[in-house]
Amino acid sequence: MRAFALPSMSLRFVPVWRRNLLVWRKLAVPSILGNLADPLIYVLGLGYGLGSMLPQVGGVPYIAFLAAGMVCSSTMNSATFEAMYSAFSRMHVQRTWDAIMMAPLDLDDVVLAELVWAASKSVLSGAAILAVAWLLGLTQSFLSLWVLALVPVVGLAFGALALAVTAMARSYDFFMYYFTLIITPMSLLCGVFFPVDQLPPAFQAIAAFLPLTHAVAVARPLLLGEVPGQLALHLLVLLAYAAGGFYAATVLFRRRLLK
Amino acid sequence: MAVLAAHNLRKFYDGEEVVAGISFGIAAGECFGLLGPNGAGKTTTLRLCLGLTDPDGGTIELMQRPVPGAARAARERVGVVPQMDNLDPDFTVSENLLVYGRYFGLAERAIRARIPELLEFAGLTARAESRIQTLSGGMKRRLTLARALINDPDLIFMDEPTTGLDPQARHLIWDRLKQLLAQGKTIVLTTHFMEEAERLCARLAIMDRGRFITEGSPRELISRHIEPHVVEVHGDRVMEWADSEARALASRLEKSGETVFCYATDPAPLVASLSRRDELRHLHRPADLEDVFLKLTGRELRD
């Protein structure tokens, strides 16, 4: 049965990706400001406000600790949002996918394009927080530039998971569940705001399986000028989420749209 | 040479057979019409032919390639005008054409060179930089037709191309379709406008409940299935007249609401009978495709 075949991967996704880029370019300025404002408020508000009451966390000022977490959670939010709300609009509301599939492109090409696009947009969000961290002097190590290589992997993982959710969504309301039940808990459990080892052991065990934990475990040492431990393990977990989510999304979209 | 051939095509949805073993072949340069009431299976048949859904039985060849197996490659030579508008609302008219051309892997320069003639064809030259939201329904449909021609296709599928358009817009679309046929393009058209089918299609099939119930040229279908004359009668006590006099004079009678449709080979006796009935009003006209359609698919509503 074609429905469970592995996704076909080819460069045919590029024109679809370029379509999304062209739309984004028309709305780039408000889009960048919108993407940047939220994480920036967290970094500055919590970083300086809460940070002023805290001793050092993990050997660094709280705001520097937080900035590393925010690079990852901002990337996560951006990829998730794009692969849910925006992809759903294109698929279900505007019927853009239908139009594309009448051309010599398949659903697999469209899904791959959406995944790469969500990851591309999330790179901007992650990189913007990194730039802010540099401007505020929260990181001075050139090792932190390696975050730019990590961020696309984080974007692929969360974009893929979100696409699988989109494939099951009947309306925009459905996405609220994913945010409140998955994304928000992940932000709190995975070491963005405080070290994972502050959590009770049961929660630590759960956090060990969540993708954001592994993203933060790579990003934070890099921003603090250290080489991350267990780098291969963390990247493999992120890539596994990306691959698993992408396969699930492709199968679910086929069942939904090619029936 | 067949540009599209389907053999014993079947498709089930939730245990219901929506395409129930249809076979057809479409030759290059022909305009083939697929007629049927709502829910007859027309759109599903088009989706099957394009490889957008897998058949549960039967075979399809599109542009000499097996579908769904090689559907993507076959679509390189095909254009589609869908029933639902799916133009890109974030783009201008010419951006819609540019972006769509890229989906075919066409070179940027080739697309940009082609856009002016497509805009000209669609009567949208002055609207090249307009946003989609500012276009009328007729303009959007013309742009969708222009978009379907971006790859200079040999075969064009049109799913109800004039539904929802006013007469001016409809005639303009018909005129453009005739131009395309004159250029040697093949067109497969679904519609429930009989006038559209009669004007454009050399051959058509009437589809109902997933089956082709008849097939032929519009003239053939009329002469095969229906008497050449129709007298439509309405007015006070028309039903009484129908039962007492008309039944003997017409070869067939149909009652629909307050109107009686009398079908006859020789209409003179009917008209003579009506001339003695001042309370009845009538319209005498030649039989058309719509009469065939209603005879074969019934008069009851289908939504």
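Residues numbered from 1 in each chain as written. Chains lettered and ligands numbered in written order. Predicted model: local features only at pLDDT ≥ 70, side-chain atom pairs only at ≥ 80, totals over all residues.

Trainee: Teacher, can you tell me more about the overall build of chain B here?
Mentor: Looking only at helices and strands, one finds 11 helices and 14 strands in chain B. Viewed in the frame of its principal axes, chain B has a C-alpha envelope of about 75 × 45 × 35 Å. Of all 303 residues assigned to chain B, the portion counted as buried reaches 42%. Contacts in chain B between residues far apart in sequence, at least 24 positions, make up 69% of those at least 6 positions apart. (Helix = DSSP H or I, 4+ residues; strand = E, 2+ residues; numbered from the N terminus. Buried ≥ 20, exposed ≤ 12 C-beta atoms within 10 Å, placed from the backbone. Contact = placed C-beta atoms within 7 Å.)

Trainee: Is there a simple way to explain the sheet that holds strand E9 (residues 203-208) of chain B in this structure?
Mentor: The strands that make up a sheet pair up through hydrogen bonds in the backbone, lying either parallel or antiparallel. Residues and elements named next belong to chain B. Here 6 strands make up an open sheet; going across it, the order is E6-E7-E8-E3-E9-E10 and the pairing mixed. In the strand order of this sheet, the two ends are held by strand E6 (78-81) and strand E10 (211-216), each with one partner. Across this sheet, the average inter-strand angle for adjacent strands is 15 degrees, counted without regard to direction. As judged from the 4 bridges shared by E6 and strand E7 (residues 155-159), these two strands associate in the parallel manner. Its bridge partner being in E7, Val78 is matched across the sheet by Leu155. Each of E6 and E7 is contacted by helix H5 (residues 137-148), which is oriented at about 165 degrees to E6, the strand it contacts most. (Pairing = 2+ DSSP bridges. Axes fitted to C-alpha atoms, helices over the stretch in contact; angles between N-to-C directions.)

Trainee: So what exactly am I meant to see when it comes to the packing of helix H1 (residues 14-26) of chain A against helix H3 (residues 93-103) of chain B here?
Mentor: Angle between the axes and distance between the axes: these two values describe a pair of packed helices. Packing of H1(A) against H3(B) leaves a shortest axis separation of 8 Å and a crossing angle of 160 degrees. By the angle between their axes, H1(A) is roughly antiparallel relative to H3(B). H1(A) and H3(B) meet at a crossing whose hand is right-handed. In contact with Pro15(A), Arg18(A), Arg19(A) and Leu22(A) of H1(A), H3(B) contributes Val99(B), Arg102(B) and Tyr103(B). Here the residues of the contact of H1(A) with H3(B) sort into 4 nonpolar, no polar and 3 charged. (Parallel < 35°, antiparallel > 145°, perpendicular 65-115°, else oblique. Left-handed = near helix turned anticlockwise from the far one by under 90°. Nonpolar A, V, L, I, M, F, W, Y, C, P; charged D, E, K, R; others polar.)

Trainee: Any chance you could explain the interface of chain B and chain A here in plain terms?
Mentor: Facing 20 residues of chain B, the contacting portion of chain A comprises 21 residues. Elements with a minimum of two residues in the side of chain B that touches chain A: helix H2 (71-74) and H3 of chain B. Residue contributions to the side of chain B that touches chain A peak at 4 residues, all from H3(B). Broken down by class, the residue content of the side of chain B that touches chain A amounts to 11 nonpolar, 2 polar and 7 charged.

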